Amino acid sequence: MSRHRNVRGYNYDEDFEDDDMYGQSVEDDYCISPATGLCLIFNKFVLIFLFVCVWTGRLYSCLDQMRAVLGDSIPDSTLTQAALKYDCDPHRALDFILTEENTNAHTPPKKKTQVGMRSQGKMLNSSRVEAEVVPKVARMTVSGKKQTMGFDVRSVEENGIVAPSVRRGPSPEVTAAPTTETPSKPSAVNEDSTAPTPTRPTGKSKQQLNIHAELEKRQGGKPLLNLVVIGHVDAGKSTLMGHLLYLLGNVNKRTMHKYEQESKKAGKASFAYAWVLDETGEERNRGVTMDVGMTKFETDSKVITLMDAPGHKDFIPNMITGAAQADVAVLVVDASRGEFEAGFEAGGQTREHGLLVRSLGVTQLAVAVNKMDQVNWQQERFQEIVSKLGHFLKQAGFKDSDVFYIPTSGLSGENLTTRSEVADLTAWYTGPCLLEQIDAFKPPQRSVEKPFRLCVSDVFKDQGSGFCVTGKIEAGFIQTGDKVLAMPPNETCTVKGITLHDEALDWAAAGDHVSLTVTGMDIIKINVGCIFCDPKEPIRACTRFRARILLFNIEVPITQGFPVLLHYQTVSEPATIRKLVSVLHKSSGEVLKKKPKCLSKGQNAVVEIQTQRPVALELYKDYKELGRFMLRYVGSTIAAGVVTEVKGSTYTPFLTKHIAILYSSAFF
Ligand code: GDP
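Reading guide: rules and limits
Residues numbered from 1 in each chain as written. Predicted model: local features only at pLDDT ≥ 70, side-chain atom pairs only at ≥ 80, totals over all residues. Heavy atoms only, no water. Helix = DSSP H or I, 4+ residues; strand = E, 2+ residues; numbered from the N terminus. Buried < 20%, exposed > 50% of the residue type's maximum accessible area, 1.4 Å probe, protein only. Contact = heavy atoms within 4.5 Å. Areas by Shrake-Rupley, 256 points an atom, 1.4 Å probe, with all protein chains shown as cover. Phe/Tyr/Trp six-rings, centres within 6.5 Å; stacked < 30°, edge-to-face > 60°. Core = buried A, V, L, I, M, F, W, Y, C linked by side-chain atoms within 4.5 Å. Polar contact = N/O pair within 3.5 Å; in protein donor to acceptor, adjacent residues only side chain to side chain. Arc of directions from axis to C-beta. Salt bridge = Lys/Arg side-chain N within 4 Å of Asp/Glu carboxyl O. Pairing = 2+ DSSP bridges. pLDDT = per-residue confidence, 0-100.

Novice: Can you lay out the overall build of the protein chain for me, pointing to particular residues and giving the numbers?
Specialist: The helix and strand inventory of the protein chain stands at 20 helices and 27 strands. Of all 668 residues assigned to the protein chain, the portion counted as buried reaches 55%. Counting contacts in the protein chain only where the partners sit at least 6 residues apart, residues at least 24 apart contribute 73% of the total. Accessible surface, the protein chain as shown: approximately 28,900 Å² in total, 54% of it carbon and sulfur.

Novice: I'd like a description of the packing of aromatic side chains, backed by residues and values.
Specialist: Following the criterion strictly, the structure yields eight aromatic pairs and no others. Between Phe404 and Phe441, the aromatic rings sit 6.3 Å apart at their centres with planes inclined by 70°, giving edge-to-face as the arrangement. Of this pair, Phe404 sits in strand β9 (residues 403-407) while Phe441 sits in the loop between α19 (434-440) and β10 (453-461), placing them 37 residues apart in sequence. Overall, the relative accessible area of 1% leaves Phe441 in the buried class. What links up through ring pairs into an aromatic cluster is the set Phe340, Phe344 and Phe392.

Novice: If you had to explain helix α16 (residues 349-359) to someone new, which residues and values would you point to?
Specialist: With eight of eleven residues buried, α16 is to be regarded as a mostly interior element. For α16, every residue scored as buried is listed here: Gln349, Thr350, Glu352, His353, Gly354, Leu356, Val357 and Ser359. Downstream of α16 by one or two residues, Gly361 has phi in the positive range, about 105°.

Novice: Account for the nonpolar core, naming residues and giving values.
Specialist: Leu227, Phe297, Val357, Val367, Leu389 and Leu393 are the most contacted members of the largest nonpolar core, which totals 71 residues. Residue contacts for Leu389: discarding those within four places in its chain leaves Leu331, Val333, Phe340, Phe344, Thr350, Val367 and Tyr405. Ranked by size, the runner-up nonpolar core spans 29 residues in total, among them Ile554, Phe562, Leu599 and Ile609.

Novice: Which residues make up the side chain of Lys222, and what values do they have?
Specialist: Of note, Lys222 is situated in the loop between α10 (211-217) and β4 (224-230). Take Lys222: its relative accessible area is 11%, and that puts it in the buried class. Of the polar contacts made by the side chain of Lys222, one reaches the backbone oxygen of Thr299; its length is 2.8 Å.

Novice: Describe helix α4 (residues 76-85), listing the residues and the values that go with them.
Specialist: Along α4, the residues classified as buried are Leu79, Ala82 and Ala83. Considered in projection along α4, the buried side chains sweep an arc of 100° and stay on one side of the axis. In this structure, α4 carries Gln81 and Lys85 as exposed residues pointing more than 90 degrees from its buried face. Of the residues trailing α4, Asp87 is marked for its positive phi of about 50°.

Novice: Help me get a handle on the pattern of salt bridges, residues and values and all.
Specialist: Following the criterion strictly, the structure yields 20 salt bridges and no others. Ionic pairing is found between Asp400 and Lys394, a salt bridge with its closest N-O pair at 3.6 Å. A residue is classified by how much of its surface remains accessible, and Asp400, at 51% relative accessible area, is exposed. For Lys394, a relative accessible area of 53% translates into the label exposed. When salt bridges that share partners are traced, they join Arg337, Glu341, Arg381, Glu384 and Lys388 into one network.

Novice: I'd like a description of the pairing of strand β8 (residues 364-370), backed by residues and values.
Specialist: The buried fraction of β8 is high, at seven of seven residues. Of the two faces of β8, both are covered, the one formed by Gln364, Ala366, Ala368 and Asn370 as well as the one formed by Leu365, Val367 and Val369. Looking at chain direction, strand β7 (residues 328-334) and β8 are connected through seven bridges and run parallel. Counterpart to Val330 in the pairing with β8 is Ala366. As judged from the five bridges shared by β8 and β9, these two strands associate in the parallel manner. Along β9, the bridge assignment pairs Ala368 with Ile406.

Novice: Could you give an account of the pairing of strand β13 (residues 483-487), naming the residues involved and the relevant values?
Specialist: Among the five residues in β13, four count as buried, and that is most of the element. Relative to strand β14 (residues 491-500), β13 runs antiparallel, the two sharing four bridges. For Val484, the partnering residue across the bridge sits in β14 and is Cys493. Hairpin remark: β13 followed by β14, antiparallel, with three residues in the connecting loop; positive phi at Asn490, about 65°. In this sheet, strand β18 (residues 531-533) lies alongside β13 in antiparallel orientation, the contact comprising three bridges. Bridge pairing links Leu485 to Cys533 in β18.

Novice: Describe unusual backbone geometry, and please don't skip the residues or the numbers.
Specialist: Cis geometry is found at the peptide bond from Pro488 to Pro489, where omega equals 20°. By the element assignment, Pro489 lies in the loop between β13 and β14. Even without glycine at this site, Asn376 takes up a positive phi of about 50°. Considering the arrangement of structural elements, one finds Asn376 in the loop between β8 and α17 (379-395). We classify Asn376 as exposed; its relative accessible area is 52%.

Novice: Could you give an account of the environment of Gly497, with specific residues and numbers?
Specialist: Relative to the elements of secondary structure, Gly497 occurs in strand β14. Each C-alpha atom, one on Gly497 and one on Val518, is 7.1 Å from the other, the two residues being 21 residues apart in sequence.

Novice: Got a sec to walk through the environment of Asn370? Specific residues and values, please.
Specialist: Its place among the elements puts Asn370 in strand β8. Since its relative accessible area comes to 2%, Asn370 is described here as buried. Considering only alpha carbons, one finds Asn370 and Asp334, 36 residues apart in sequence, at a separation of 5.1 Å. If near-sequence neighbours (up to four positions away) are discounted, Asn370 is found in contact with Ala235, Gly236, Leu240, Val332, Val333, Asp334, Ala335, Thr408, Ser409 and Gly410. A distance of 2.9 Å separates the side chain of Asn370 from the backbone nitrogen of Gly410, its partner in a polar contact.

Novice: Summarise the environment of Cys88; cite the residues concerned and give the values.
Specialist: Relative to the elements of secondary structure, Cys88 occurs in the loop between α4 and α5 (90-104). Considered as a pair, Cys88 and Ser61 are 27 residues apart in the sequence and their alpha carbons are 8.3 Å apart.

Novice: Mind laying out the confidence of the model for the protein chain, listing which residues take part and the relevant values?
Specialist: With 65% of its residues at a pLDDT of 70 or more, the protein chain has an overall mean of 72. Counting contacts from residues 1-32, a segment whose pLDDT is below 50, to residues more than four positions away or on other chains yields 26 contacts.

Right, here's the structure in full:
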């Protein structure tokens, strides 16, 4: 190993430059003396030596890349043979090995042949085509904690040639997989981690764009749906969704094989599917999802942006960020005895997540009653969970008709993309599989008509001029060339490029998770939580607002001056309850008591909240998505609220300067 690393470490470019120098000196030296003859022979040897070095380097590089995918599961001799057969092209050599392995020894997971809906056509193709054209999971994070945008998606052009798409941001795991390039021809895609977002001429002016007609045409008329996966830690969220993506063909065989080998090596074989979504080393080591991973997949009638939220209580703020951007949710619960109870009881995240997503505006919910294989697919256990959860979810504000329960096994893949054929299950369950249920969700009404609003979830430097921000468009639409106002810092910039699901577009509209390339502003002024808006109809920034709140199961009563953390969208801001205005009747909203001394659990109240720094907010009645928030205190969510009145200081140029300084401090 160390030997070929040395060879690979050799700088061939330098050698070739030297070689040029040699050639130059020979040509310049017209007289050929015996010494010069010897020199020429020596040069030939050098050239041959260099050729051998380059070739050996390529071979070792090819073997290394094959091992990165296959681990130690295949003997060296077989790898070398394949490498030699395909002229040290790791791409083709791997295809050969995996095809051989699949036909000879490797038994594919049971579900590979049962792919439903969109992917059926894909699975009919040959393994080679599948391995090449099936994109890797396109992934980005929404919390802004990570500055990585590990996209590495290949698109297929009409002639069947696989074209690399723009890759943004470093993603070591993805880069390591030799699926997209050959070592001898390094792709420009991978050379640079922050390639500029491609821009295209707009073609139509803003006045001409009929946004509704354009939306109808886009994605073959398929509406976009933002889906968040929630649930207690270890309920099986990542495994379930990772397996679903694999069955849909969004993760190619080679990558899956790599995850299987790597997770086996790390002694975490059962986490192989979870690794599709848990990409960072820390997530994998700890076996928990920390940030919110975003991935795209399709059903028969929809394009889904999937957000895999962390279940661990330490990462609830990230989970809120994910949930705030979701239209619908999949709540995963562990059906195993004792485990469902642990997640459901106090201290577990099942209830908290359920409450959070409902408070953040999610009304449709699919409950995956997971790990049903652990309880032999027993109907009684399923019913027990349905009745316990049903009762709670109703209290949390979900309508019975909008909650759907599906028995699943994320590990074996049962009931994920096709209806299960397990006799123990089919004896009593004839309902839809998880994918069918996701497909059946009603797409929400988007506020496309309203002025543009986008909440920034990530900021990163672009290679060209300007920088990129990502976030979900909450209202209105945007076109390349538009000027937008960022609040804070109350400054304008120009949108040079728009990317949705790794594709450059001229426009994007409410509901889309986009990446914008902007120019005309200093990146230091923009932070996670800023709102990009229409400069003609800007959002208000304030430090004081009135809100109606619903208090959850709090232990300490809330009094004037109570410190809280205000969470909404991607914002997390220290604040205090400045005034207790009134206690309201839960259903009628009638004032029961004015200026109460304290508020206790379950109460509905009007309060005034003071933030440390200005925050950009909307009234709930105008923009639901930007007027809804959560309050947290010492690691627990204590209340959900809606903004009823914006008070305090609106934005002034004086504040702009100070906030820019504050925002660029280490607070975020
Ligand atoms: P998360 O924390 O909710 O994302 O849970 P993970 O997906 O990381 O899974 C936690 C553990 O549960 C892993 O060891 C999985 O292999 C295991 N697991 C997940 N789904 C199932 C299932 O359906 N059946 C069984 N038996 N184990 C599962």
